[in-house]
Amino acid sequence: MATTTTREQQRPGYFGTYGGRFVPETLVPVLDELTAAYFELRQDADFQKEYRDLLRDFVGRPTPLTEARELSRRFGPQIWLKREDLCHTGAHKINNALGQGLVAKRLGKRRIIAETGAGQHGVATASACALLGLECVIYMGVEDMRRQLPNVYRMRLLGAEVRGVSSGTKTLKDAVNEALRDWVASVADTHYIIGSALGPHPFPTMVRDFQCVIGEETRAMIQERCGRLPDALVACVGGGSNAIGMFHPFIDDAGVRLIGVEAGGNGIELGQHAARFDGGTPGVFQGMSSVVLQNEDGQVMGTHSISAGLDYAAIGPEHAWLRAIGRAEYFRCSDADALRGFHLLSEAEGIIPALESAHALGALPSICEGLAKDSLLVVNVSGRGDKDLAEVARLEGVDIATGSSI
Ligand SMILES: *Cc1c(COP(=O)(O)O)cnc(C)c1O
């Protein structure tokens, strides 16, 4: 990773001009402690073995690489799917929750806090804490709790305490604020497991490292199956952790296009989408400098997406940098096209994807336009769609209790 490492070493915690650490002073010592500990553990063979063993024995890794024959037939290029939907708890989030849970144990912390939007990161964190014997408190907007009751119940079954957040819009960004407030008061015995490649240094780097297993496996498996590297990687981008985990091991391979897909929501006006690279500007939000959807006064805007996991006003700083230097490209996929992608993968390949992952699939018609038949694409299926069945049924007017239209 020559280019990346050089930049990172020039200014620790920065990706070009993005990243950094913008936090209350009380958090600086704990972030320093975490940074020092993490960079040691990164080189520690025992720690890495413990982590890799859990990925195998608890998460079920490596996840398969599945050839999507029907998608290939319809769109032209050869399309393969990286199957993060088959991870324990249903998405890639567990890779990071387990890694950070292990870091917390090494730091001697006994209590974990986390934020969650749709509940995927909350469920992953609650599972990791149950496994590792850590106390677990999850902050969740009361509006999100109402929309994702099964995940609230799952977290409670796993032994976590779910605390409803009633401030602001009662959604993800308010849950992050509340978790940060808790952390300021509890740093001595508590670690905050951030769920995406976001927030103050060292989180964007640490979360990315724990998700790199996606790209490392993809690299080994595609070489084994196809005898070469892919021409392009495609992944949806919320905060950016599944995408950066997939992209990072390929950053120095100039021939591999890195394609992120953001949530295009209902339209191009601010407030109607979560496509940060389509209307966002440089700014500081929730501990980091990145590209943010904000108005001219720097007021962070409301966002909209059909998928809770992509519905966030800022993007991870490494993506902001990869785009600035022209190494990665970003498409947008509307709610309607994501629903098309959701049905397409279900019917054509027998895999019901998460609505987040459905954005990567919904963008395939535009991505594949003009690509040669022998070009090779890997799409990351970041999660499975079980959590989204009720929402899709509601949007399409189907009563899932009876199967009839309503
Ligand atoms: C949370 C989530 C995402 C978005 O988060 P990233 O950090 O951008 O990966 C994407 N897919 C699924 C299934 C998720 O649960």
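Fair warning: this is a prediction, and the values are worked out from it, not measured in the lab.

Student: Describe the packing of aromatic side chains, and please don't skip the residues or the numbers.
Tutor: Two descriptors summarise a pair of aromatic rings, namely the distance from one centre to the other and the angle between the planes of the rings. The full count for this structure, using the stated rule, is 9 aromatic pairs. Judged by centre distance (5.5 Å) and plane angle (70°), the rings of Tyr 38 and Phe 39 are edge-to-face. Judged by centre distance (6.5 Å) and plane angle (50°), the rings of Phe 47 and Phe 210 are tilted. One end of the pair, Phe 47, is in helix α3 (residues 45-59); the other, Phe 210, is in helix α10 (residues 203-226), with 163 residues separating them in the sequence. Considered together, Phe 47 and Phe 210 belong to a single accessibility category, that of buried residues. Its guanidinium or amino end placed over the ring of Tyr 14, Arg 11 lies 3.8 Å from that ring's centre, counting from NZ or CZ.

Student: Provide a residue-level description of the site of the ligand, including the pertinent values.
Tutor: Close to the ligand lie 18 residues, the nearest being Lys 93, Ser 196, Gly 238, Ser 241 and Ser 382. With respect to the ligand, the backbone of Gly 240 contributes an N or O atom lying 2.7 Å from an oxygen atom. Protein chains bury 97% of the 380 Å² of accessible surface belonging to the ligand in isolation. Taken together, the residues of the shell around the ligand sort by class into 5 nonpolar, 11 polar and 2 charged.

Student: How would you summarise the nonpolar core if you had to cite specific residues and measurements?
Tutor: Note that soluble globular proteins tend to have their nonpolar side chains buried in a common cluster. If you look at the biggest cluster of nonpolar residues, it comprises 62 residues, and the most contacted ones within it are Val 103, Met 155 and Trp 183. Each of domain 1 (6-56 + 93-203) and domain 2 (60-90 + 212-395) gives at least three residues to this core. In this view, Met 155 contacts Thr 116, Gly 119, Gly 122, Val 123, Ala 126, Ile 138, Met 140, Ala 160 and Val 162; residues no more than four positions away in its chain are not counted. The next biggest cluster of nonpolar side chains, apart from the first, holds 30 residues, and it includes Val 207, Ala 243, Ile 244 and Phe 247.

Student: Describe the domain arrangement of the chain, with residues and values.
Tutor: One widely used convention gives an interface's size as the accessible area the parts lose upon coming together. Domain assignment breaks the chain into domain 1 (6-56 + 93-203) and domain 2 (60-90 + 212-395). Contact with domain 1, which involves 32 residues of that partner, is made by 35 residues of domain 2. Here domain 1 packs against domain 2, burying approximately 2,700 Å² in sum over the two surfaces, 62% of which is carbon and sulfur. On the domain 1 side of the contact with domain 2, Phe 15, Tyr 18 and Leu 198 bury the most area, a combined 22% of that side's loss. Connecting domain 1 to domain 2 are 1 salt bridge. Taking the shortest distance from any N to any O, the salt bridge between Glu 216 and Arg 52 comes out at 3.3 Å. Taken together, domain 1 and domain 2 are joined by 13 residue pairs in polar contact (both at pLDDT 80 or more). Class assignment for the residues of the side of domain 1 that touches domain 2 results in 14 nonpolar, 12 polar and 6 charged.

Student: Residues and numbers for the packing of helix α13 (residues 335-349) against helix α14 (residues 355-362), please.
Tutor: Where α13 contacts α14, the two axes come as close as 7 Å, and the packing angle between them is 95°. Our classification of the angle between α13 and α14 gives roughly perpendicular. Along the contact surface, α13 presents Asp 337, Ala 338, Leu 339, Gly 341, Phe 342 and Leu 345, while α14 presents Leu 355, Ala 358, His 359, Leu 361 and Gly 362. Split by residue class, the contact of α13 with α14 holds 7 nonpolar, 3 polar and 1 charged.

Student: I'd love a proper account of unusual backbone geometry, names of residues and values included.
Tutor: For the bond from Arg 61 to Pro 62, the omega torsion is 0°, close enough to zero to count as cis. For Pro 62, the location among the structural elements is in the loop between α3 and β3 (65-67). Omega for the bond connecting His 201 with Pro 202 falls within 30 degrees of zero, at 10°, which places this linkage in the cis form. Checked against the element boundaries, Pro 202 lands in the loop between β8 (190-192) and α10. Notably, Thr 89 is not glycine yet its phi reads approximately 75°, a positive angle. Within the element layout of this structure, Thr 89 appears in the loop between β4 (78-83) and α5 (93-106). You can call Thr 89 buried: its relative accessible area is 17%. Even without being a glycine, Gln 286 presents a positive backbone phi close to 45°. Tracing the chain through its elements places Gln 286 in the loop between β11 (281-285) and β12 (288-292).

Conventions we followed
Residues numbered from 1 in each chain as written. Predicted model: local features only at pLDDT ≥ 70, side-chain atom pairs only at ≥ 80, totals over all residues. Heavy atoms only, no water. Phe/Tyr/Trp six-rings, centres within 6.5 Å; stacked < 30°, edge-to-face > 60°. Helix = DSSP H or I, 4+ residues; strand = E, 2+ residues; numbered from the N terminus. Buried < 20%, exposed > 50% of the residue type's maximum accessible area, 1.4 Å probe, protein only. Lys NZ or Arg CZ within 6 Å of the ring centre and 35° of its normal. Near = heavy atom within 4 Å. Polar contact = N/O pair within 3.5 Å; in protein donor to acceptor, adjacent residues only side chain to side chain. Areas by Shrake-Rupley, 256 points an atom, 1.4 Å probe, with all protein chains shown as cover. Nonpolar A, V, L, I, M, F, W, Y, C, P; charged D, E, K, R; others polar. Core = buried A, V, L, I, M, F, W, Y, C linked by side-chain atoms within 4.5 Å. Domains from an automatic or database assignment. Contact = heavy atoms within 4.5 Å. Buried area = accessible area lost by both parts, 1.4 Å probe. Salt bridge = Lys/Arg side-chain N within 4 Å of Asp/Glu carboxyl O. Axes fitted to C-alpha atoms, helices over the stretch in contact; angles between N-to-C directions. Parallel < 35°, antiparallel > 145°, perpendicular 65-115°, else oblique.

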